[in-house]
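# Descriptive structure summary
Okay, here's what each chain looks like letter by letter:
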Amino acid sequence: MDRLEGVLSMLDYSLNTRRKRHIAGGILMSISLLFGGLALTIMTIKTEEDESDKYIE
């Protein structure tokens, strides 16, 4: 429990200004968009592979 309190205290201290929170939010949004794009790419690649397997047989 002390470890969790320490982490939360560090986050509160490091994001104490509005500018820092804005930068951290932008970084988190960029990371989520990156992983969302990768997931979409993987889903579309798998669909194309499945369709091409039908024509081989």
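Our structure is the block above this text.
Quick caveat, the model's predicted, so the values are computed rather than measured. (Residues numbered from 1 in each chain as written. Predicted model: local features only at pLDDT ≥ 70, side-chain atom pairs only at ≥ 80, totals over all residues. Heavy atoms only, no water.)

### Quick look at the overall build of the protein
Applied cut-off: Working definition: helices are DSSP H or I runs of at least four residues, strands are E runs of at least two. Numbering for both runs from the N terminus. The cut-offs for exposure are 20% and 50% of the maximum accessible area for each residue type, with area from a 1.4 Å probe on protein chains only; residues under the lower value are buried, those over the upper are exposed, and the others partly exposed. All accessible areas in this document rest on Shrake-Rupley with a 1.4 Å probe, and a residue is counted as covered only by the protein chains that are shown.
Per the secondary structure count, the protein includes two helices and zero strands. In the protein, buried positions account for 0% of the 57 residues. Counting only carbon and sulfur atoms, one obtains 65% of the accessible surface of the protein, whose full area is about 5,700 Å².

### Looking at a nonpolar patch on the surface
The following threshold applies: Exposure above 30% relative accessible area and the absence of a salt bridge qualify a residue for a patch, where like charges join within 9 Å and nonpolar side chains (Val, Leu, Ile, Met, Phe, Trp, Tyr) within 5 Å. A pair is scored as a salt bridge if a Lys or Arg side-chain nitrogen falls within 4 Å of a carboxyl oxygen belonging to Asp or Glu.
A cluster of nonpolar side chains, contributed by Met1, Leu4, Val7, Leu8, Met10 and Leu11, occupies part of the molecular surface with about 620 Å² of accessible area. By secondary structure assignment, the location of Met1 is in the segment before helix H1 (2–14). According to the relative accessible area criterion, Met1 is exposed, its value standing at 73%.

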